[in-house]
Amino acid sequence: MQLLDSLLAPKADESLGQYLRRLRLHRGLSQADVVELAGIHLQSLGKIERGRTLKLNHKTCSGLAYALNVPKEYLESVGRGVAVDVPSALKFCPSCWTVGTAPESMWLDLRAKCCFLCGMELRHRCVGCQEPITSLKHRFCPFCGTSYQSSSSLKV
Ligand SMILES: [Zn+2]
Ligand SMILES: [Zn+2]
């Protein structure tokens, strides 16, 4: 949580469209970059940014959170007018997650402890240095270089 840039949290008076657009520009991404990373249609993103879509479905929400590298809860909280207090909620199954893909939304559920596919305990910290995992864009921990994915010697 402490690693997250407070600028990236939604402002109380910001609409979903304004927020997404601000994040996207902050990351220096074009709409085409974002839809590719998020796995959604360009038209969908356009509608959201123009304020014509006010509510995100789960898939879009997880995809955009991944593409823009913010916790899904930020996107969900936009428009509610409440300040966000988000624990570092990026969790994934080290066995089922594929490098370069968005994590399954069921892993990111705050209540989820184990993988719904294989039952393995979900991982939210680097097993090497215990730093919270804030991005799954990389396959290795930026602090110590440990691979985020499972290896047989790791005990979670
Ligand atoms: Zn799994
Ligand atoms: Zn590490």
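What you see is a predicted model, and the numbers here were worked out from it, not measured in a lab.

### Regarding the coordination of the zinc ion (ligand 2)
Each donor-metal-donor angle in an ideal tetrahedron of four donors is 109.5 degrees, and each such angle in an ideal octahedron of six donors is either 90 or 180 degrees.
Part 1 of the argument: Of the protein atoms, only C126 (SG), C129 (SG), C141 (SG) and C144 (SG) coordinate the zinc ion (ligand 2), at distances of 2.2 to 2.3 Å.
Part 2 of the argument: Every donor residue of the zinc ion (ligand 2) comes from the same chain, spaced as C-x2-C-x11-C-x2-C. Of this pair, C129 sits in the segment after α6 (105–108) while C141 sits in the segment after α6, placing them 12 residues apart in sequence.
Part 3 of the argument: When its relative accessible area of 29% is taken as the criterion, C129 is described as partly exposed.
Part 4 of the argument: Exposure remark for C141: the relative accessible area of 3% places this residue in the buried category.

### Some details on the coordination of the zinc ion (ligand 1)
Part 1 of the argument: Only C93 (SG), C96 (SG), C115 (SG) and C118 (SG) from the protein coordinate the zinc ion (ligand 1), and they sit 2.2 to 2.3 Å from it.
Part 2 of the argument: Its four donor atoms give the zinc ion (ligand 1) angles of 105 to 112 degrees at the centre, a pattern that matches the tetrahedral case.
Part 3 of the argument: Written as a sequence motif, the donor arrangement for the zinc ion (ligand 1) is C-x2-C-x18-C-x2-C.
Part 4 of the argument: Overall, the relative accessible area of 5% leaves C115 in the buried class.
Part 5 of the argument: For C118, a relative accessible area of 40% gives the class partly exposed.

### Focus: a nonpolar patch on the surface
Part 1 of the argument: A contiguous nonpolar surface patch, about 310 Å² in accessible area, is contributed by M106, F116 and L117.
Part 2 of the argument: Of note, F116 is situated in the segment after α6.
Part 3 of the argument: For F116, a relative accessible area of 38% corresponds to the partly exposed category.

### Observations regarding the packing of aromatic side chains
Part 1 of the argument: All chains considered together, the criterion is met by two aromatic pairs.
Part 2 of the argument: Here the aromatic cluster, defined as three or more aromatic residues joined through ring pairs, consists of F92, W97 and Y148.

### Thoughts on the nonpolar core
Part 1 of the argument: L64, V70 and L75 are the most contacted members of the largest nonpolar core, which has 23 residues in total.
Part 2 of the argument: Looking at this core, the elements that each hand over two or more residues are α1 (16–26), α2 (31–38), α3 (42–49), α4 (58–68) and α5 (72–77).
Part 3 of the argument: Setting aside its immediate chain neighbours within four residues, L75 contacts L16, Y19, L20, L56, C61, L64, A65 and V70.
Part 4 of the argument: Residues C93, W107, L108 and A112 belong to the second largest nonpolar core, which totals 15 residues.

### Details of the packing of α2 against α3
Part 1 of the argument: For the pair α2 and α3, interaxial distance at closest approach is 9 Å and the crossing angle is 115 degrees. In this structure, the crossing between α2 and α3 has a hand that is right-handed. Where α2 approaches α3, its residues Q31, A32, V34 and V35 are matched on the opposing element by L42, L45, G46 and E49.
Part 2 of the argument: Looking at the contact of α2 with α3 residue by residue, the classes come out as five nonpolar, two polar and one charged.

### Things to note about the pattern of salt bridges
Part 1 of the argument: Evaluated as defined, the whole model comprises five salt bridges.
Part 2 of the argument: Here R21 ties to E49 by a salt bridge, and the two come within 3.2 Å at their closest N and O atoms. Remark: E49 occurs in helix α3 and R21 occurs in helix α1; sequence separation between them is 28 residues.
Part 3 of the argument: Residues joined by salt bridges that share partners form a network here, namely R21, R24 and E49.

Basis of the calculations
- Per-chain numbering applies: the sequence of each chain, read as written, is numbered from 1 onward.
- Chain labels run from A onward and ligand labels from 1 onward, assigned in the order the entries are written.
- Since the coordinates come from a predicted model, pLDDT governs what is reported: local features require at least 70, and pairs of side-chain atoms require 80 or more to be given and counted, while whole-chain, interface and lining totals use all residues.
- Side-chain figures throughout are based on the complete set of non-hydrogen atoms in the structure, without hydrogens or water.
- Metal sites are built from N, O and S donor atoms within 2.8 Å, or 3.2 Å for Na, K and Ca, and they leave out water, so they may look incomplete.
- Starting at the N terminus, helices and strands are each numbered in turn, a helix being any DSSP run of H or I of at least four residues and a strand any DSSP run of E of at least two.
- Only protein chains enter the area calculation, which uses a 1.4 Å probe; residues under 20% of their type maximum are buried, those over 50% are exposed, and those in between are partly exposed.
- Every geometry call rests on angle ranges, with four donors termed tetrahedral when all angles are between 85 and 135 degrees, four termed square planar and six termed octahedral when opposite donors are over 155 degrees apart and all others are between 65 and 115, and everything else termed irregular.
- Surface patches are defined over residues having more than 30% relative accessible area and no salt bridge, joining like charges when they lie within 9 Å and nonpolar side chains (Val, Leu, Ile, Met, Phe, Trp, Tyr) when within 5 Å.
- Surface accessibility in these figures is a Shrake-Rupley result with a 1.4 Å probe; residues are shielded only by whichever protein chains are displayed.
- A carboxyl oxygen of Asp or Glu within 4 Å of a side-chain nitrogen of Lys or Arg is what we treat as a salt bridge.
- Between 30 and 60 degrees the pair is tilted, below 30 it is stacked and above 60 it is edge-to-face, where a pair is any two Phe, Tyr or Trp rings, Trp via its six-membered ring, whose centres lie within 6.5 Å.
- Remark: nonpolar core denotes a set of buried residues (Ala, Val, Leu, Ile, Met, Phe, Trp, Tyr, Cys) joined through side-chain atoms within 4.5 Å.
- When checking whether two residues touch, look at their non-hydrogen atoms; a contact exists if any pair is within 4.5 Å.
- Every angle, taken between N-to-C directions, lies between 0 and 180 degrees, and every axis is a line fitted to C-alpha atoms, over only the stretch in contact when it is a helix.
- By convention, the crossing between two helices is left-handed when the near helix turns anticlockwise from the far helix through less than a right angle, and right-handed when the turn is clockwise.
- All residues other than Ala, Val, Leu, Ile, Met, Phe, Trp, Tyr, Cys, Pro, Asp, Glu, Lys and Arg, Gly among them, are scored as polar; the first ten of these are nonpolar and the last four charged.

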